[in-house]
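Each chain, letter by letter, is given below.
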Amino acid sequence: MGTVSLLRSVVDMIEVSHLTKRHGASIAVDDVSFTVAPGTVTGFLGPNGAGKSTTMRIIVGLDRPTSGTVTINGNRYANSPAPLQEVGALLDAGAVHPGRSARNHLRTVARTHGIPDRRVDEVIGLTGLESVAHRRSGKFSLGMGQRLGIATALLGDPGTLVLDEPVNGLDPEGVIWVRQLCRSLAAEGRAVLLSSHLMSEMAQTADRLVVLGRGRVIADESIADVLARAGGDRVAVKTNAAERLEELLRPLGGTVTHVAIDRVEVVGLSPEQIAGAAAPAGVMIFELVPVQASLEDAFFGLTDDSVEYRAGSARR
Amino acid sequence: MSTTAHAPLLRPLDRAPRVTFARVTRAEGTKLTSVRSSWLIGLLTIALSAAAGAAIAATEMTDPAAALAGGVGTSIRTIAPAVVVGEMFISVLAVLFVTQEFATGQKRVTYAAVPKRLPVLAAKTIVAAVVALILSVVSSVAAWATSSAVLSRSGLRTSLFDPAVLQSIGASAAWLVLLTVFSVMIATLLRNSAASIALVLGVLLVLPIAVRVITGSSDFEWSSLLLTYSETTMNQLITGTEPAADLGRDLVVTAAWLLVPMAAAAWATVRRDV
């Protein structure tokens, strides 16, 4: 993914090792291990209840794990002399006193570390909150609250960022802004861990994916590898003789699925091979389109068994 | 995605940030002062104490001659009860100072910044205690001011700096500081504002009555185990009427009322998930 910027002098990474968290009889996080590498954006995916938020809370010391460790640059988070400089976290954007202004909220956090008001104003500018900085945060829209949460995470100029659903409630412009911000942060050499349900955004923002299901890691690979899992490349064909085409393609190693009376999907053959088989037999092809697997398909394929909360009807 | 020479997102600071206890305390102070409701409760406490002082002075004035004859004692009788106003509001302020962070989830932001957690509890206690001290003294002075104005019509003039008056104000302030620490610990344990306020006010108001009713009239042994007993003994202690033997027991009881919740709150702070 290109060279890592050397703007930062410390190599920042999060290492999660055999993390387990039990609540009585149920397991929220089950032997989870992964690394968030510097200079990359790692996407954290999983159905609701899979353990993503719990894992993120354990990383910043809010929950105590039953077993396992999390280290930030080799040290435990609580032992850092300036925790906000190690990890900037956005876990719950609504976690603000409604009667306090945005600027004062940031100041109450900044002052614990001796971070001056100059930095507070800097993050306000960075997140576009200048016009509402003195407004009481109880009056904020969902998007403004998210921006305030992101501003809080940036206060310490952290080497690692842990962001739980940062695009929740943002308008399309805001969604793009978060994507660019995450990529800029990673380009500066920081390690970014980002959870989201917005698949299309995740596909464009993340370099790697860690997928959780029922508390376990079910995938930990690059985006490209996850997409490849979803069945590789398919080709959508519109033709005048679907059955004849199937007969022609099967001996060549292609798997044909009939989608409509004149449409099929072929797996395992390139468009050139399909056209090459159809033409001499007189089968006409009107559309020949390679279809790339979407992250959504890959995600559903991976997590179908692991969904914790599912609505009643519409089982496929 | 190659490296390009662009300006960093955030300008580096002149000095590296670092968590110190002084800074955590400063942050807690900012939390209290940056919220309008804190100021409102404070002003209300002072205003109501002044009103209470005037009201009690008015009842004293139904017999102006007796009021004048009472001297400094009359004056103290009018300003000391203002502490009851303080008990209500200052304990509520202390409780809300703690519980609002849990209710809004702000606690997670605080503990993410200070993962060692105990400094936050200590800092909150100190800030609450200092504010209680200031509010108590200002309320007492306000009560003295209004009651003096009312009592002066009987010809009674007392100075604010009369030793007896200062002792009374000092004892009230000390009592309210203890009560504030107690409130902060209870709120830390219960995390819920309604339950904490109910418990603190219950200990203050209901428990003494219940003990007296259950044990039959004013049974000295039992009532001495109450936190509120410390209030009256503190007054007596400062005015020198408390026998030395009781002083030891009272100090132990007061310490227990504070130290047990403190230990429990400290344990809960460190061990519990947020």
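On a predicted model such as this, the values are computed, not experimentally measured, just so you know.

Asks: So what exactly am I meant to see when it comes to a nonpolar patch on the surface here?
Replies: All names here are of chain B. The grouping of Phe21, Ile126, Val130, Leu133, Ile134, Val137 and Val138 at the surface amounts to a nonpolar patch, some 550 Å² of accessible area in total. Here the nonpolar patch takes six residues from helix 7 (residues 118-151), the largest share from any one element. Its location among the elements puts Leu133 in helix 7.

Asks: I would appreciate a short explanation of the sheet that holds strand 13 (residues 285-291) of chain A in the present structure.
Replies: Consider a sheet: its strands pair through backbone hydrogen bonds, and that pairing is either parallel or antiparallel. All names here are of chain A. As summarised here, the arrangement of the four strands in space is 11-12-10-13, forming an open sheet in which the pairing is antiparallel. Two strands lie at the open edges of the sheet, namely strand 11 (255-260) and strand 13, each paired on one side alone. Within the sheet, the average angular offset between the axes of one strand and its neighbour, ignoring direction, is 20 degrees. Here five bridges tie strand 10 (residues 234-239) to strand 12 (residues 263-267), and the two strands are oriented antiparallel to one another. If you follow Arg234 over to strand 12, its bridge partner there is Val267.

Asks: What's the story with the packing of aromatic side chains in this structure? I'm lost.
Replies: Any two aromatic rings considered together are summarised by their centre-to-centre distance and by the angle between their planes. One pass over the structure, following the stated rule, counts two aromatic pairs over all chains. Look at Phe34 of chain A and Phe44 of chain A: their rings are 5.3 Å apart centre to centre, the planes differ by 50 degrees, and that puts the pair in the tilted class. With Phe34 of chain A in strand 2 (residues 26-36) and Phe44 of chain A in strand 3 (residues 41-45), this residue pair connects regions lying 10 residues apart in the sequence. Ring centres 5.7 Å apart and planes at 70 degrees place the aromatic pair Phe182 of chain B and Trp257 of chain B in the edge-to-face group. Remark: Trp257 of chain B occurs in helix 12 (residues 244-271) and Phe182 of chain B occurs in helix 8 (residues 163-190); sequence separation between them is 75 residues. Comparing Phe182 of chain B with Trp257 of chain B, the two get one shared label, buried. The ring of Phe102 of chain B has Lys107 of chain B lying over it, and the distance from NZ or CZ to the ring centre is 5.3 Å.

Asks: Quick question: what am I supposed to make of the interface of chain A and chain B here?
Replies: Interface size is commonly expressed as the accessible surface area that is lost when the partners come together. Taken together, the contact pairs 55 residues of chain A with 42 residues of chain B. Buried area between chain A and chain B, both sides added, is near 4,200 Å², and the carbon and sulfur share of it is 56%. The interface formed by chain A and chain B holds two salt bridges in total. Notably, a salt bridge pairs Arg108 of chain B with Asp92 of chain A, separated by 3.0 Å at the nearest N-O pair. One can count 21 residue pairs in polar contact (both at pLDDT 80 or more) joining chain A with chain B. Only helix 2 (83-86), helix 3 (102-110), helix 4 (117-126), helix 5 (142-154) and helix 6 (172-187) of chain A provide two or more residues apiece to the side of chain A that touches chain B. Across the side of chain A that touches chain B, the residue classes tally to 23 nonpolar, 17 polar and 15 charged.

Asks: Please clarify how the environment of His97 of chain A should be interpreted in this entry.
Replies: By secondary structure assignment, the location of His97 of chain A is in the loop between strand 5 (87-90) and helix 3. Setting aside its immediate chain neighbours within four residues, His97 of chain A contacts Ser137 of chain A together with Val35, Gln100, Thr104 and Gln106 of chain B. Within polar-contact distance, the side chain of His97 of chain A engages the backbone nitrogen of Gly99 of chain A at 3.0 Å.

Asks: Which parts of the structure should I look at to understand the confidence of the model for chain A?
Replies: Predicted coordinates in areas of low pLDDT are best not read in detail. All names here are of chain A. When pLDDT is averaged along chain A, the result is 88, and 92% of the positions lie at 70 or above. Per-element averaging of pLDDT across chain A places helix 11 (residues 295-303) at the bottom with 78 and helix 3 at the top with 96. Counting contacts from residues 1-7, a segment whose pLDDT is below 50, to residues more than four positions away or on other chains yields 17 contacts.

Asks: What is the right way to read the sheet that holds strand 2 of chain A from this model?
Replies: All names here are of chain A. Taken in spatial order, the three strands make up an open sheet running 2-1-4, and their pairing is antiparallel. Each edge of the open sheet carries a strand with a single partner, namely strand 2 and strand 4 (67-72). Going across the sheet, the axis of each strand differs from the next one's by a mean of 20 degrees, ignoring polarity. Judged from the five bridges that link them, strand 1 (residues 14-23) and strand 4 form a sheet pairing that is antiparallel. By the bridge assignment, Ile14 is partnered in strand 4 with Ile72. Lying over the sheet, helix 1 (residues 52-59) contacts strand 1, strand 2 and strand 4, oriented at roughly 115 degrees with respect to strand 1.

Asks: Sorry, what's going on with the pattern of salt bridges here?
Replies: In a structure, side chains of opposite charge can pair up when their charged atoms sit close to one another. All names here are of chain A. The final tally for this structure, using the stated rule, is 24 salt bridges over all chains. Across the pair Arg103 and Asp121 runs a salt bridge whose closest N-O atoms are separated by 2.8 Å. You can see Arg103 sitting in helix 3 and its partner Asp121 sitting in helix 4, a full 18 residues away along the chain. Arg103 gets classed as buried once you look at its relative accessible area, which sits at 18%. Across the salt bridge formed by Glu287 and Arg263, the nearest N and O atoms sit 3.1 Å from each other. Taken together, the positions of Glu287 in strand 13 and Arg263 in strand 12 put the pair 24 residues apart, joining distant regions of the chain. The partly exposed category is assigned to Arg263, whose relative accessible area is 31%. Each of the salt bridges in this network shares a partner with another, and the network as a whole consists of Arg118, Arg119, Glu122, Asp157, Glu188 and Arg190.

Asks: What is the right way to look at the packing of helix 2 (residues 36-60) of chain B against helix 5 (residues 82-104) of chain B in this model?
Replies: When two helices pack together, their arrangement is given by the angle between the helix axes and the distance between those axes. All names here are of chain B. Remark: helix 2 packs on helix 5, axes separated minimally by 8 Å, with the N-to-C direction vectors making an angle of 170 degrees. Taken together, helix 2 and helix 5 sit at an angle that is classed as roughly antiparallel. For the pair helix 2 and helix 5, contact is made by Ser38, Ile41, Leu44, Thr45, Leu48, Ser49 and Ala52 and by Ala82, Val85, Gly86, Phe89, Ile90, Leu93 and Leu96, respectively. By residue class, the composition of the contact of helix 2 with helix 5 is 10 nonpolar, four polar and no charged.

About the criteria used
Residues numbered from 1 in each chain as written. Chains lettered and ligands numbered in written order. Predicted model: local features only at pLDDT ≥ 70, side-chain atom pairs only at ≥ 80, totals over all residues. Heavy atoms only, no water. Patch = residues over 30% accessible without salt bridge, like charges linked within 9 Å, V, L, I, M, F, W, Y side chains within 5 Å. Areas by Shrake-Rupley, 256 points an atom, 1.4 Å probe, with all protein chains shown as cover. Salt bridge = Lys/Arg side-chain N within 4 Å of Asp/Glu carboxyl O. Helix = DSSP H or I, 4+ residues; strand = E, 2+ residues; numbered from the N terminus. Pairing = 2+ DSSP bridges. Axes fitted to C-alpha atoms, helices over the stretch in contact; angles between N-to-C directions. Phe/Tyr/Trp six-rings, centres within 6.5 Å; stacked < 30°, edge-to-face > 60°. Buried < 20%, exposed > 50% of the residue type's maximum accessible area, 1.4 Å probe, protein only. Lys NZ or Arg CZ within 6 Å of the ring centre and 35° of its normal. Contact = heavy atoms within 4.5 Å. Buried area = accessible area lost by both parts, 1.4 Å probe. Polar contact = N/O pair within 3.5 Å; in protein donor to acceptor, adjacent residues only side chain to side chain. Nonpolar A, V, L, I, M, F, W, Y, C, P; charged D, E, K, R; others polar. pLDDT = per-residue confidence, 0-100. Parallel < 35°, antiparallel > 145°, perpendicular 65-115°, else oblique.

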